[in-house]
Amino acid sequence: MRLVLASKSASRRAMLTAAGVPFEAVAANVDEESAKAAMRAEGVAPRDLADRLAELKALRVSHRDPEALVLGSDSVVALDDGSMLDKPADRAEAAEHLRRISGKRHELISAAVMAVDGRPVWRVVDRAKMFVRTLSDSFIDSYLDVEWPEISGCVGCYRIEGPGAQLFSRIEGSQFTVLGLPLLPVLDYLRVRGVLTS
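Residues numbered from 1 in each chain as written. Predicted model: local features only at pLDDT ≥ 70, side-chain atom pairs only at ≥ 80, totals over all residues. Heavy atoms only, no water.

1. Topic: helix α5 (residues 137-147)
Part 1 of the argument: All of the buried residues along α5 are Phe-139, Ile-140, Tyr-143, Leu-144 and Glu-147. For α5, the angular spread of buried residues about the axis comes to 125°, placing them on one side. Of the residues in α5, the exposed ones pointing more than 90 degrees away from the buried face are Ser-138, Asp-145 and Val-146.
Part 2 of the argument: Buried positions along α5 lie against α4 (91-101). (Buried < 20%, exposed > 50% of the residue type's maximum accessible area, 1.4 Å probe, protein only. Helix = DSSP H or I, 4+ residues; strand = E, 2+ residues; numbered from the N terminus. Arc of directions from axis to C-beta. Contact = heavy atoms within 4.5 Å.)

2. Concerning the layout of surface pockets
Part 1 of the argument: Taken as a whole, the largest pocket spans an internal volume of roughly 680 Å³.
Part 2 of the argument: In terms of lining residues, the largest pocket is bounded by 29 residues, among which Ser-9, Ser-11, Arg-12, Gly-153 and Cys-154 are the most central.
Part 3 of the argument: Elements with a contribution of two residues or more to the lining of the largest pocket: α1 (10-18), β3 (69-79) and α6 (175-179).
Part 4 of the argument: Taken together, the residues that form the lining of the largest pocket break down as 12 nonpolar, 8 polar and 9 charged. (1 Å grid on protein atoms, 1.4 Å probe; cavity = no way out; pocket = protein on both sides within 12 Å on 5 of 7 lines; lining within 4 Å. Points joined across faces, edges and corners; volume = space filled by probe spheres on them. Nonpolar A, V, L, I, M, F, W, Y, C, P; charged D, E, K, R; others polar.)

3. Some details on the packing of aromatic side chains
Part 1 of the argument: Across all of its chains, the model carries 3 aromatic pairs by this definition.
Part 2 of the argument: For the ring pair Trp-122 and Tyr-189, a centre distance of 4.9 Å and an interplane angle of 15° mean the geometry is stacked. With Trp-122 in strand β6 (residues 119-132) and Tyr-189 in helix α7 (residues 183-192), this pair connects stretches of sequence that are 67 residues apart. The burial state of Trp-122 is the same as that of Tyr-189; both residues are buried.
Part 3 of the argument: Aromatic side chains Tyr-158 and Phe-168 sit 4.8 Å apart centroid to centroid with 85° between the ring planes, which places their arrangement in the edge-to-face category. Of the two residues, Tyr-158 is situated in the loop between α5 and β7 (168-172) and Phe-168 in strand β7; the sequence distance between them amounts to 10 residues.
Part 4 of the argument: Above the face of the Phe-139 ring, Arg-133 is positioned so that its terminal group lies 4.4 Å from the ring centre.
Part 5 of the argument: The residue whose ring lies beneath Arg-170 is Phe-131, and the NZ or CZ to ring-centre distance is 3.9 Å. (Phe/Tyr/Trp six-rings, centres within 6.5 Å; stacked < 30°, edge-to-face > 60°. Lys NZ or Arg CZ within 6 Å of the ring centre and 35° of its normal.)

4. Considering α1
Part 1 of the argument: Listing the buried residues of α1 in full gives Arg-12, Met-15 and Leu-16. All buried residues of α1 lie within an arc of 90° about the axis, which places them on one face of the element. Facing away from the buried side of α1 by more than 90 degrees, the exposed set consists of Ala-10, Thr-17 and Ala-18.
Part 2 of the argument: Considering only its buried residues, α1 is in contact with β1 (3-5), β3, α6 and α7.
Part 3 of the argument: A positive phi of about 80° marks Gly-20, the residue just after α1.

Below, the structure is given as structure tokens:
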């Protein structure tokens, strides 16, 4: 069965490629911000929001390519006060986000949903606990000098595989989850479906 990744995310594509998974990548063309706003208005919890966004992407592509096994995924940054971070609109908002997470713990929740013929057939949600060290204003400025605008598409304003690693004193959980895809359970399911050899 053909695997289609419903995303053009560089980190997700890199993970699957590095793991030796054969796949095609197709943009889901989902208005994530509108979908998130609607779900938040409904009071959807962060875990379920990540899951529902992943499903939305998988189904969008699966309806266009019903014979493929379509993988949708999404990540949410949930703060301890119950709020969530969105992708920053500009550098000033990125700096504000970094000040909000400075010296605190947050959760990065990543979900993956597989769909066939316009129906979800499998799903997983995983969490990583992210402990951010206290960040000085001068560090935030120099960090953004290096990382902006590359991190404009990252909800937590960091790429853990790059200079974003400097933000943290400790991380509990899978690095794959932090990168935006619970890869090991996904690989297990791909073996079940015969995409990978058992």
